[in-house]
Amino acid sequence: MKTIPYARQTVDEIDVQAVADILRSDFLTQGPIIERFEKAVAAYCGVKYAVAVNSATSALHIACLAAGLGPGDVLCTSPNTFVASANCARYCGADVDFVDIDERTYNMSAERLADKLCKAAKKGKLPKVIIPVHFAGQSCRMDEIGTMAKQYGITVIEDASHAIGGRYKGRPIGCCAYSDMVVFSFHPVKIITTGEGGMVLTNREDLYKKLLLYRSHGIIRDPAQMENEPHGSWYYEQTALGYNYRMTDIQAALGLSQLAKLDRFVACRIEIARKYDTELADLPLILPWQDPDGQSAWHLYVVRVDVGKTEKTRREVFDSLRASGIGVNVHYIPVHTQPYYQRLGFKPGDFPIAEQYYQEAVSLPMYYSLTAEEQAYVIDSLKQVLK
Ligand SMILES: *Cc1c(COP(=O)(O)O)cnc(C)c1O
């Protein structure tokens, strides 16, 4: 039996041709397509600058470096995320703290963040960076988070790995209206793909310049920015410790081709979500609540097994669906409960809402090429196990 995954890419012949064209061209990397891809994503989001990198993990890392995050600083994020949203602080030698999630959206709670910042301000230990994560593709309450961050002078980096193509208060997620930087992921399970890849968007030129520097070894080639007189036209200068986080032109060509399909991909995901919403309404499940202020990009469709209404556990539901060839998954194991983070002093019980949510969550198949028959099979299988 072929399994139905929870997520997968959609790559068509136009994408294949776009990649093949690059393979036959002069530049496999550091060519002209990267900039075209960056400009196209920036234009889509209505933002000035974009820097393409080899993953969202790298994007988060250089965004933190550009924000000046370092030893002694604190970065605050959600416990309900992929580990990369927190690890980027550790790469910079900074400490991580978490803010528990909202009961309905499973995003970082704006109220709990306000509470945390108020207490932190009194102690004189405010975080330097906040990373709200737009879980499943639904925006956090960015107006409130952005206002608080401004008030306290905190840099905001949105982890929008799930959310390209989504909207918030009438604008595309990624517009940087409420934050300093926004990060996208182009991993194949996400909304559009470059194989591996990520991007940082910003409206701030100072951050843009730093992002470029950290992406490529900390090296500059513009004589105007150099500390020394150039020795000749070959001369370059390393002015900071950067990395090789560059995206290839092969990947950028795929990204550019995928971007043309983004709205179509998201419209289809919205339809799939609507179908789940109607068909699963009578089952003992808590369905994903949607904030009327936004439009989710629907990276994930997460149901919670309603423990007040069924004897079945999440484990039983999960195992039964897997046994039926449905590749359900769980997003996320609360980051603070990972052994690495427990060694840093966190413990189970620290963020109880994220932990309770985790006990009940199952991510159902959600992707552009999921057929009506496949979705009907997922729905029937859920009805079977929960009847
Ligand atoms: C996928 C993901 C990342 C990491 O993305 P990569 O491109 O695989 O490095 C970071 N944060 C979140 C929320 C993600 O889902």
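Residues numbered from 1 in each chain as written. Predicted model: local features only at pLDDT ≥ 70, side-chain atom pairs only at ≥ 80, totals over all residues. Heavy atoms only, no water.

The protein carries the name UDP-4-amino-4,6-dideoxy-N-acetyl-beta-L-altrosamine transaminase in an unreviewed UniProt entry, which gives Sporolituus thermophilus DSM 23256 as its organism. In its Sequence similarities (unreviewed entry) section, UniProt records this for the protein: "Belongs to the DegT/DnrJ/EryC1 family." (UniProt positions renumbered as here; feature names shortened; annotations may be inferred.)

A. Quick peek at the UniProt feature "modified residue: N6-(pyridoxal phosphate)lysine" (unreviewed entry) in the protein. Residues annotated in UniProt with the feature "modified residue: N6-(pyridoxal phosphate)lysine" (unreviewed entry) correspond here to K190. Mapped onto the elements, K190 comes out in the loop between β9 (181-185) and β10 (198-202). Once residues lying within four places of it in the same chain are set aside, the contact partners of K190 are S161, H162, S185, R269 and H299. (Helix = DSSP H or I, 4+ residues; strand = E, 2+ residues; numbered from the N terminus. Contact = heavy atoms within 4.5 Å.)

B. Summary view of the domain arrangement of the protein. You can read the domains of the protein as domain 1 (4-259) and domain 2 (262-386). Inter-centroid distance (C-alpha atoms) of domain 1 to domain 2 is 26 Å. The largest contributions to the domain 1 side of the interface with domain 2 come from I4, Y6 and Y106, which together make up 20% of the buried area. Seen at the junction of domain 1 and domain 2, the total is three salt bridges. K169 is paired through a salt bridge with D293; the nearest N and O atoms lie 3.9 Å apart. At the boundary of domain 1 with domain 2, the tally comes to 26 residue pairs in polar contact (both at pLDDT 80 or more). Contributing elements (two or more residues each) for the side of domain 1 that touches domain 2: β1 (4-5), α4 (84-91), β4 (95-98), β7 (167-168) and α8 (249-259). (Domains from an automatic or database assignment. Buried area = accessible area lost by both parts, 1.4 Å probe. Salt bridge = Lys/Arg side-chain N within 4 Å of Asp/Glu carboxyl O. Polar contact = N/O pair within 3.5 Å; in protein donor to acceptor, adjacent residues only side chain to side chain.)

C. Local environment of the sheet that holds β4. One open sheet accounts for seven strands, arranged β2-β10-β9-β6-β5-β3-β4; its pairing is mixed. Of all the strands in the sheet, just β2 (49-53) and β4 have a single pairing partner and so form its edges. Averaged over all adjacent pairs, the angle separating strand axes in this sheet is 20 degrees, with direction ignored. By the bridge criterion, three bridges tie strand β3 (residues 74-77) to strand β5 (residues 129-131) in an arrangement that is parallel. Residue pairing in the sheet places C76 in a bridge with I130 of β5. On the sheet, α4 packs against β3, β4, β5 and β6 (155-159) and is oriented at approximately 150 degrees with respect to β4. (Pairing = 2+ DSSP bridges. Axes fitted to C-alpha atoms, helices over the stretch in contact; angles between N-to-C directions.)

D. Structural view of the site of the ligand. Among the 15 residues in the neighbourhood of the ligand, the closest are listed as T57, D159, H162, S185 and K190. Within the backbone of A56, a nitrogen or oxygen atom sits 2.9 Å from an oxygen atom of the ligand. One nitrogen or oxygen atom from the side chain of D159 is found 2.8 Å from a nitrogen atom belonging to the ligand. Against a free-state accessible area of 380 Å², the protein chains account for coverage of 92% of the ligand. Broken down by secondary-structure element, the contributors of at least two residues to the shell around the ligand are α3 (56-66) and α4. Looking at the shell around the ligand residue by residue, the classes come out as five nonpolar, eight polar and two charged. (Near = heavy atom within 4 Å. Areas by Shrake-Rupley, 256 points an atom, 1.4 Å probe, with all protein chains shown as cover. Nonpolar A, V, L, I, M, F, W, Y, C, P; charged D, E, K, R; others polar.)

E. Just the packing of helix α5 (residues 110-123) against helix α6 (residues 142-152), in detail. The interhelical angle for the contact between α5 and α6, taken along N-to-C directions, is 10 degrees, at an axis separation of 10 Å. By the angle between their axes, α5 is roughly parallel relative to α6. Across the interface between the two elements, A110, E111, L113, A114, L117, C118 and A121 of α5 pack against E144, I145, M148 and Y152 of α6. Residue composition of the contact of α5 with α6, grouped by class: nine nonpolar, no polar and two charged. (Parallel < 35°, antiparallel > 145°, perpendicular 65-115°, else oblique.)

F. Highlighting unusual backbone geometry. Each neighbour pair has its own omega, and for H331 with Y332 the value is 0 degrees, a cis peptide bond. Within the secondary structure, Y332 sits in the loop between β16 (326-327) and α11 (339-343). Phi at A136 is positive, roughly 65 degrees, even though this residue is not glycine. Phi angles above zero are rare outside glycine, and W298 is one such case at about 55 degrees.

G. How the structure looks around the pattern of salt bridges. Tallying each qualifying case throughout the model produces 23 salt bridges. Between R204 and D206 there is a salt bridge, with its nearest N and O atoms 2.7 Å apart. Taking the relative accessible area as the measure of exposure, R204 reaches 33% and is therefore partly exposed. Here D306 ties to K309 by a salt bridge, and the two come within 3.7 Å at their closest N and O atoms. What makes K309 exposed here is its relative accessible area of 63%. Here the salt bridges share partners, and the residues they tie into one network are R141, D143, E144, K169, D291 and D293. (Buried < 20%, exposed > 50% of the residue type's maximum accessible area, 1.4 Å probe, protein only.)

H. Representation of the UniProt feature "active site" (unreviewed entry) in the protein within the structure. The feature "active site" (unreviewed entry), as given by UniProt, occupies K190 in the numbering adopted here. Its relative accessible area of 14% is what places K190 among the buried residues.

I. The environment of G153, seen in detail. Structurally, the position occupied by G153 is in the loop between α6 and β6. Judged by relative accessible area, which is 64%, G153 ranks as exposed. C-alpha separation for the pair G153 and Q342, spaced 189 residues apart in sequence, amounts to 29 Å.

J. Just the sheet that holds strand β13 (residues 285-286), in detail. On the basis of which strands lie adjacent, the open sheet formed by three strands has the order β13-β15-β17 and antiparallel pairing. The sheet is open, and its two borders are formed by β13 and β17 (361-364), each paired with just one other strand. Inspection of the sheet shows β13 paired to strand β15 (residues 301-305) by two bridges, in the antiparallel sense. Of the residues in β15, the one forming a bridge with L285 is V305.

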